[in-house]
Amino acid sequence: MKKSIIVSAIAAAAIASPAVSTAEATNFNYKVDRFADIEVLRYQVPEFSALSVSQKTLVYYLTEAALYGRDILTDQNGKHNLAIRTTLEEIYKNYKGNKESAEYKGFLTYLKQVWFANGIHHHYSTDKFQPAFSPEFFVKEVKALPSGVLPLAKGQSVDDFLKVITPVIFDAEVMPKRVNQEAGQDLILTSACNYYDGGITQAEVEAFYANMKNADSDPAHPMSYGLNSRLVKRDGKVVEEVYKVGGRYSEAIIKIVDCLKKALPFAENDLQKSHIAKLIEYYETGNLRTFDEYSILWVEDVVSGVDFINGFIESYGDPLGYKGAWESIVNFKNQAASHRTELISNNAQWFEDNSPVDARFKKAQVKGVSAKVITAAILAGDAYPATPIGINLPNANWIRAAHGSKSVTIENITEAYDKAAQGNGFNAEFVIDKETSDLMDKYLFITDNLHTDLHECLGHGSGKLLPGVADDALKEHGSTLEETRADLFALYYLADSKLISLGLLDNPDAYKAEYYKYILNGLMTQLMRIEYGKNIEEAHMRNRQLIAAWCYEKGKVDNVIQLSKINGKTYIKINDYEKLRNLFGELLCEIQRIKSEGDYEAGKKLVEEYAVKVDPALHREVLDRYASLDIAPYKGFVNPIYTPVKDEAGNIIDVTVDYSESYIDQMLRYSKCYSPLTNR
Ligand code: ZN
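Note that the structure is a prediction, hence the values are computed from the model and not measured.

A.B. asks: Explain the overall build of the protein chain to me, and be specific about the residues and the numbers.
C.D. replies: The helix and strand tally for the protein chain stands at 25 helices and 16 strands. Computed over the C-alpha atoms, the radius of gyration of the protein chain is 24 Å, within 12% of the 26 Å expected from 2.2 N^0.38 for a compact globule of 680 residues. Taken along the three principal axes of its C-alpha coordinates, the protein chain extends 70 × 60 × 60 Å. Counting across all 680 residues of the protein chain, residues that qualify as buried make up 61%. Taking the contacts inside the protein chain whose residues are at least 6 apart along the sequence as the reference set, 75% of them involve residues at least 24 apart. Element-wise, carbon and sulfur atoms account for 51% of the exposed surface of the protein chain, whose accessible area totals about 25800 Å². Side chains of the protein chain give 76 positive and 93 negative charges; the mean places of these two sets differ by 2 Å.

Written as structure tokens, this is what we have:
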């Protein structure tokens, strides 16, 4: 599993707190759509107009490059996804029946879910959606479609097409899970993701990449084996289909490369020009060494105002963690807010030296922690519509060790979450008393952002492995434990007087807002995202429960965290915040030891004991209390529309931003205009 990554947006999404923000109050409408367990929001792109024309043009072409990758991710998520999406869209466009019928409403919800998840499995739980409309409705509507609009394979009849697709949508036993993590099963054969095909087994995949690793001519700088390919068995042979121009997803990648080439002349400096050019070379060759070279150039570019990621990045969608899901985020620096992360990263060595972990596991020199606050201009692929609020890249450990990493907090996204959640009733329902609630109103926005900054800028970059310990020593628990480590680092320091002396917080009690929210979320409220009767699987959710449940257990002797029943409802009470901080420090020591020594058994034990299982009574209670609030457990975003304004000679002289597009319109427009894999 990769080391670093994306902080899930969930933490911010679940909490209501009036923004403590300097932004002016506006009439901006953050809410776009609501269906199933999803709320779709929109975000503002403040200060876009303050960019130079050249920067705006650069952003414009990079957003175009971002949008052309959407189909790649959809196909990576499941091999029938594009065909299903196209079919559903055609039904939507051609439907002549009663739009008030339960069948149609169920159909529309399903279509919106498929758009949101970039496929037929839930974006977060990875469970297959259960449609609230009938197979009969589906078959009837498919047969009523005009000829030529269905994505039939060559020579395939409509009946044959339906025979393949209908069970994939409706039969709960067929492809039930996109990413299966259940120990004891063949994780490849039981996962519906499309990174592997042809009946290839987990053992064959592992052997294939073990061989590749052994044959690596430069083992000190290991490539991210398998990151940009699909692995299939054909005629008994294991073959990699590389994602590149001329390879798999060629039509989409050609478009992406074309847009990157248009962006190139508008690069802000030679360094940026060189990493854009390197990225193009990587897409053209599919060579993972070139990707490493690109990553190094990219991470060294800390001067450009406009920045972006575009490629096969995070590996959560692969049960074995080899394959990168395609994603893109285009952004530019938020100068004012970046002061905060610069202060943190300028003091990185102090934080490393003063952390409670064993000196043997500390970095003598913390290298190149560059951190900034950014404004997202477009979200795409695996970052759309659900999106992270912080990113720390690149993922390759040896690059991070030698060249550092870039860490960002996406503040126009956290701001949108925060604004949209105002007045949703969450605090009144779940927070134990007015004093705590007031503290959260006042300090949660800033401490949440600081938590993200500390997690991304320092947490992932801190500590070191002992010599001889492999990156992937913690195996399937690697992601959970890595997120646990980064979160604990952030939590521990949030209460440190260093933040006051740096001027990042002005009240020594402010940290309590985040502590309360973290424990409440980890012990209780995040359960709203789990279906009743199921365990916790996702790495970030496991990490949060691990921390909260461990501290609850270990703090019992001092009654640090108390679960109180008031009028039949469970509330969290934190009796001793200082002792809670000590517990965070203690657990951080142990997790760092596990990571540094590669102590798989100890890591596994912690995860299994604290992170996975759910108390059914408490789970039921949380679900019921949430249901009474009607807060969507998951949120995501539509993008703005960027339109270039050209002079008579065709030069771009400005780029305008429009926020008015609806969720359905945006999805249909993307499918029409940015679908090189389906519109052939
Ligand atoms: Zn993280």
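A.B. asks: Please set out the coordination of the zinc ion residue by residue, giving values where relevant.
C.D. replies: Protein coordination of the zinc ion is provided by H455 (NE2), H460 (NE2) and E483 (OE), with donor distances spanning 2.1 Å. Sequence positions of the residues that donate to the zinc ion give the spacing H-x4-H-x22-E. Judged by its relative accessible area of 1%, H455 falls in the buried class.

A.B. asks: Describe the sheet that holds strand β3 (residues 38–42), and please don't skip the residues or the numbers.
C.D. replies: Ordered in space as β2-β3-β14, the three strands form an open sheet in which the pairing is mixed. Edge positions in the sheet fall to β2 (31–35) and β14 (634–638), since each of these pairs with one other strand and no more. Between one strand axis and the next, the sheet turns by 25° as a mean value, whatever way the strands run. Two elements, β3 and β14, share five bridges in a ladder whose sense is parallel. What sits directly across from I38, in β14, is Y634. Set on the sheet, helix α5 (residues 102–117) makes contact with β2, β3 and β14; between it and β2 the angle comes to about 115°.

A.B. asks: Explain the nonpolar core residue by residue, including any values.
C.D. replies: Counting residues in hydrophobic clusters, the biggest one holds 205 residues, and the most contacted among them are F138 and L260. The element that contributes the greatest number of residues to this core is α5, accounting for nine residues.

A.B. asks: Could you give me a rundown of the environment of T190, with the residues and numbers involved?
C.D. replies: Considering the arrangement of structural elements, one finds T190 in the loop between α7 (158–170) and β4 (196–197). Sequence separation of T190 and M175 is 15 residues, and the distance between their C-alpha atoms is 7.6 Å. Beyond its immediate sequence surroundings of up to four residues, T190 is in contact with K177, N180 and Q185. A distance of 2.7 Å separates a polar atom in the side chain of T190 from the backbone oxygen of D186.

A.B. asks: Quick one: what's the story with the environment of K261, residue by residue and with numbers?
C.D. replies: Along the chain, K261 falls in helix α9 (residues 250–263). The exposure class assigned to K261 is partly exposed, which follows from its relative accessible area of 43%. For the pair K261 and I664, spaced 403 residues apart in sequence, the C-alpha to C-alpha distance is 30 Å. Contacts of K261, omitting those with residues within four sequence positions, involve I280 and E284.

A.B. asks: Describe the pattern of salt bridges, with residues and values.
C.D. replies: Overall, the coordinates contain 55 salt bridges when judged by the stated rule. Across the pair K233 and E204 runs a salt bridge whose closest N-O atoms are separated by 2.8 Å. Residue K233 is located in strand β5 (residues 229–234), and its partner E204 is located in helix α8 (residues 202–214); the two are separated by 29 residues in the primary sequence. On the accessibility criterion, K233 (26% relative accessible area) is partly exposed.

A.B. asks: Run through the packing of helix α2 (residues 53–67) against α9, naming residues and quoting values.
C.D. replies: One can describe the packing of α2 onto α9 by two numbers: an axis separation of 8 Å at closest approach and a directional angle of 175°. The angle between the axes of α2 and α9 places the two elements in the roughly antiparallel class. Contact with α2, carried on its side by L58, Y61, L62, E64 and A65, involves I256, C259, L260, K262 and A263 of α9 and no other residues of that element. Each residue belonging to the contact of α2 with α9 can be placed in one class, and the counts come to eight nonpolar, no polar and two charged.

A.B. asks: Please provide a residue-by-residue account of α8, values included.
C.D. replies: Given a rise of 1.5 Å per residue, 13 residues ought to cover 18 Å, and the 18 Å separating the end C-alpha atoms of α8 matches this to within 8%. Of the positions making up α8, those classed as buried are Q202, V205 and Y209. The buried residues of α8 all sit within an arc of 65° when viewed along its axis, so they share a single face. Away from its buried face by more than 90 degrees, α8 exposes A203, N211 and N214. For α8, the elements touching its buried residues are β4, β5 and β6 (237–242).

A.B. asks: Now, about the packing of helix α4 (residues 81–94) against α5: what can you tell me, with residues and values included?
C.D. replies: It is at 10 Å that the axes of α4 and α5 come closest, and there the two elements cross at 140°. By the angle class used here, α4 and α5 are oblique. Crossing angle aside, the handedness with which α4 passes α5 is left-handed. Where α4 abuts α5, its residues R85, L88, E89, I91 and Y92 lie against Y104, F107, L108, Y110, L111, V114 and W115. Of the residues belonging to the contact of α4 with α5, the class tally is 10 nonpolar, no polar and two charged.

A.B. asks: So what about unusual backbone geometry? Which residues, and what values?
C.D. replies: Of the consecutive residues Y384 and P385, the connecting peptide bond is found in the cis state with omega at -5°. Within the secondary structure, P385 sits in the loop between β9 (369–381) and β10 (390–393). Cis geometry is found at the peptide bond from L393 to P394, where omega equals 0°. Within the secondary structure, P394 sits in the loop between β10 and α14 (397–403). The backbone phi angle of A36 is positive, close to 45°, even though this residue is not glycine. With respect to the element layout, A36 can be found in the loop between β2 and β3. What makes A36 partly exposed here is its relative accessible area of 43%. One non-glycine residue, N118, lies in the positive phi region at around 50°. Relative to the helices and strands, N118 is located in the loop between α5 and α6 (135–143).

A.B. asks: How would you summarise the pairing of strand β12 (residues 561–566) if you had to cite specific residues and measurements?
C.D. replies: Inspection of the sheet shows β12 paired to strand β13 (residues 569–574) by six bridges, in the antiparallel sense. From the neighbouring strand, L563 faces β13, where its bridge partner is I572.

A.B. asks: Can you lay out helix α11 (residues 288–300) for me, pointing to particular residues and giving the numbers?
C.D. replies: Relative to the 18 Å expected for 13 residues at 1.5 Å per residue, α11 spans 18 Å between its end C-alpha atoms, a close match to the ideal helical length. Three or more residues of α11 are buried, namely L288, T290, F291, D292, Y294, S295, I296, W298 and V299. In the core, the buried residues of α11 are packed alongside α10 (270–285), β7 (306–314), β10, α14 and β11 (405–410). For α11, the N-terminal capping position is held by N287, with its side-chain oxygen 2.8 Å away from the main-chain nitrogen of R289.

A.B. asks: Tell me about the sheet that holds β4, and name the residues and values.
C.D. replies: Judged by pairing direction, the sheet is mixed, and its three strands sit side by side in the order β4-β5-β6 without closing on themselves. On the outer flanks of this sheet lie β4 and β6, each paired with one strand and no other. Where β5 meets β6, six bridges bridge the pair, whose relative direction is antiparallel. The residue bridging R234 from the neighbouring strand is K237, located in β6. The strands that α8 touches are β4, β5 and β6; relative to β5, the one it contacts most, it runs at about 120°.

Reading guide: rules and limits
- Residues numbered from 1 in each chain as written.
- Predicted model: local features only at pLDDT ≥ 70, side-chain atom pairs only at ≥ 80, totals over all residues.
- Heavy atoms only, no water.
- Helix = DSSP H or I, 4+ residues; strand = E, 2+ residues; numbered from the N terminus.
- Rg over C-alpha atoms; globule rule 2.2 N^0.38 Å.
- Buried < 20%, exposed > 50% of the residue type's maximum accessible area, 1.4 Å probe, protein only.
- Contact = heavy atoms within 4.5 Å.
- Areas by Shrake-Rupley, 256 points an atom, 1.4 Å probe, with all protein chains shown as cover.
- Lys, Arg positive; Asp, Glu negative; His and termini not counted.
- Charge placed at Lys NZ, Arg CZ, Asp CG, Glu CD.
- Donors = N, O, S within 2.8 Å, 3.2 Å for Na, K, Ca; no water.
- Pairing = 2+ DSSP bridges.
- Axes fitted to C-alpha atoms, helices over the stretch in contact; angles between N-to-C directions.
- Core = buried A, V, L, I, M, F, W, Y, C linked by side-chain atoms within 4.5 Å.
- Polar contact = N/O pair within 3.5 Å; in protein donor to acceptor, adjacent residues only side chain to side chain.
- Salt bridge = Lys/Arg side-chain N within 4 Å of Asp/Glu carboxyl O.
- Parallel < 35°, antiparallel > 145°, perpendicular 65-115°, else oblique.
- Nonpolar A, V, L, I, M, F, W, Y, C, P; charged D, E, K, R; others polar.
- Expected span 1.5 Å × (residues − 1).
- Arc of directions from axis to C-beta.
- Left-handed = near helix turned anticlockwise from the far one by under 90°.

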